[in-house]
Amino acid sequence: MKSEEIKYKITIKSFFGHLHTVNKHRFKVFKLCCKAGIPWQGLVHDLSKYSLTEFLEGAKYYTGGYSPIQNRKKNVGYSEAWLHHKGRNKHHYEYWFDNGAPLKTPIIPFKYFVEMICDTLAAGLTYQGNKWTKDYQLAYWTKTSKTRIINPKMEVLVTKVYEEIAESGIDKVLRKEHLRKLYDKYTN
Ligand SMILES: [Zn+2]
């Protein structure tokens, strides 16, 4: 484990590489959030990625391809950047999980639910590039369902959104009134 860890260090290239990844992701999320009618959420999305805790780890474990958080987890067993990130960003369902609360997995408020959809779509679009298809997000969401601790109603709601995207594409589904209708229907 130790010897493997040595190959990760911050260089000029990894510093600016990571900075570029963060900026690019935020811009993509911003565009999707505008489409979805929550521009402010899009503008402030993932700002904690510029904090030292998140940024320096990201730059150190940057490899150009896969997520630096996953690299760090593989190396050390956990990621401080991720723990910092999910503790501050309400668009992650992990933020809402509290094992010690009567409601371990509450319903996520509407604006964060929409931001979460935009975030995951942006990530999928980036990772898949021109291989992206409109059913990608549904497949990914289904494949990763076992690792998820989320409110069961939210699980059904998000699945429904991805099913609709798989059927009719992002532009048709990512509209505020439509998402609001689905949200009200599935969370009540
Ligand atoms: Zn985030």
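Residues numbered from 1 in each chain as written. Predicted model: local features only at pLDDT ≥ 70, side-chain atom pairs only at ≥ 80, totals over all residues. Heavy atoms only, no water.

### Details of a nonpolar patch on the surface
Together, I10, I12, F15, F16, L52 and L56 make up an exposed nonpolar region whose accessible area comes to about 600 Å². Every element with two or more residues in the nonpolar patch is listed here: α2 (12–35) and α4 (52–60). Broken down by element, the residue count for the nonpolar patch peaks at 3 residues, all from α2. As for its placement among the helices and strands, I10 is situated in the loop between α1 (2–5) and α2. For I10, a relative accessible area of 41% puts it in the partly exposed group. (Patch = residues over 30% accessible without salt bridge, like charges linked within 9 Å, V, L, I, M, F, W, Y side chains within 5 Å. Areas by Shrake-Rupley, 256 points an atom, 1.4 Å probe, with all protein chains shown as cover. Salt bridge = Lys/Arg side-chain N within 4 Å of Asp/Glu carboxyl O. Helix = DSSP H or I, 4+ residues; strand = E, 2+ residues; numbered from the N terminus. Buried < 20%, exposed > 50% of the residue type's maximum accessible area, 1.4 Å probe, protein only.)

### Observations concerning empty space enclosed by the protein
Applying the stated rule across the entire model yields 1 cavity of 30 Å³ or more. Roughly 40 Å³ of internal volume is contained in the largest cavity. Along its surface, the largest cavity is lined by Y93, W96, F97, T105, P106, I108, I149, I150 and N151. (1 Å grid on protein atoms, 1.4 Å probe; cavity = no way out; pocket = protein on both sides within 12 Å on 5 of 7 lines; lining within 4 Å. Points joined across faces, edges and corners; volume = space filled by probe spheres on them.)

### Some words on the coordination of the zinc ion
Looking at the metal site, the zinc ion is ligated by D46 (OD), H85 (NE2), H91 (NE2) and H92 (NE2), spaced 2.2 to 2.3 Å from it. Viewed at the metal, the 4 donor atoms of the zinc ion are separated by angles of 82 to 164°, and the geometry they form is irregular. (Donors = N, O, S within 2.8 Å, 3.2 Å for Na, K, Ca; no water. Tetrahedral: all angles 85-135°; square planar, octahedral: opposite > 155°, others 65-115°.)

### Overview of the packing of helix α8 (residues 110–128) against helix α10 (residues 152–168)
Here α8 crosses α10 at 50°, and the two axes come no closer than 12 Å. By the angle between their axes, α8 is oblique relative to α10. Viewed along their axes, α8 and α10 form a crossing whose handedness is right-handed. Across from F113, M116, I117, T120 and L121 in α8, the residues of α10 making contact are M154, L157, V158, V161, Y162 and I165. Looking at side-chain class alone, the contact of α8 with α10 contains 10 nonpolar, 1 polar and no charged residues. (Axes fitted to C-alpha atoms, helices over the stretch in contact; angles between N-to-C directions. Parallel < 35°, antiparallel > 145°, perpendicular 65-115°, else oblique. Left-handed = near helix turned anticlockwise from the far one by under 90°. Contact = heavy atoms within 4.5 Å. Nonpolar A, V, L, I, M, F, W, Y, C, P; charged D, E, K, R; others polar.)

### Things to note about the domain arrangement of the protein chain
Interface size is commonly expressed as the accessible area that is lost once the parts come together. As far as domains go, the protein chain holds domain 1 (2–89) and domain 2 (95–187). The gap between the C-alpha centroids of domain 1 and domain 2 is 21 Å. Tallying the contact residues gives 17 residues for domain 1 and 19 residues for domain 2. Approximately 1500 Å² of surface area, both sides summed, lies buried where domain 1 meets domain 2, with 63% of it carried by carbon and sulfur atoms. For the pair domain 1 and domain 2, the number of links is 1 salt bridge. The closest approach of N and O atoms between D171 and K35, which form a salt bridge, is 3.0 Å. At the boundary of domain 1 and domain 2, one finds 6 residue pairs in polar contact (both at pLDDT 80 or more). Sort the elements by how many residues they give to the side of domain 1 that touches domain 2 and α2 lands first, with 6 residues. Its residues assigned to classes, the side of domain 1 that touches domain 2 shows 5 nonpolar, 8 polar and 4 charged. (Domains from an automatic or database assignment. Buried area = accessible area lost by both parts, 1.4 Å probe. Polar contact = N/O pair within 3.5 Å; in protein donor to acceptor, adjacent residues only side chain to side chain.)

### A word on the layout of surface pockets
The gaps of empty space that remain are located by a probe, the size of a water molecule, rolled over the atoms. One number sums up the size of the largest pocket: a volume of about 1500 Å³. Together, 45 residues line the largest pocket, and S67, Q70, A123, Y127 and Y140 are the ones closest to its centre. When residues of the lining of the largest pocket are traced back to their parent elements, those giving at least two are α2, α4, α5 (68–76), α6 (80–86), α7 (93–96), α8 and α9 (136–143). Here the lining of the largest pocket gets 8 residues from one element, more than from any other, and that element is α8. Looking at side-chain class alone, the lining of the largest pocket contains 15 nonpolar, 21 polar and 9 charged residues. Residue-level mapping places the lining of the largest pocket at the junction of two domains, with at least three residues from each of domain 1 (2–89) and domain 2 (95–187).

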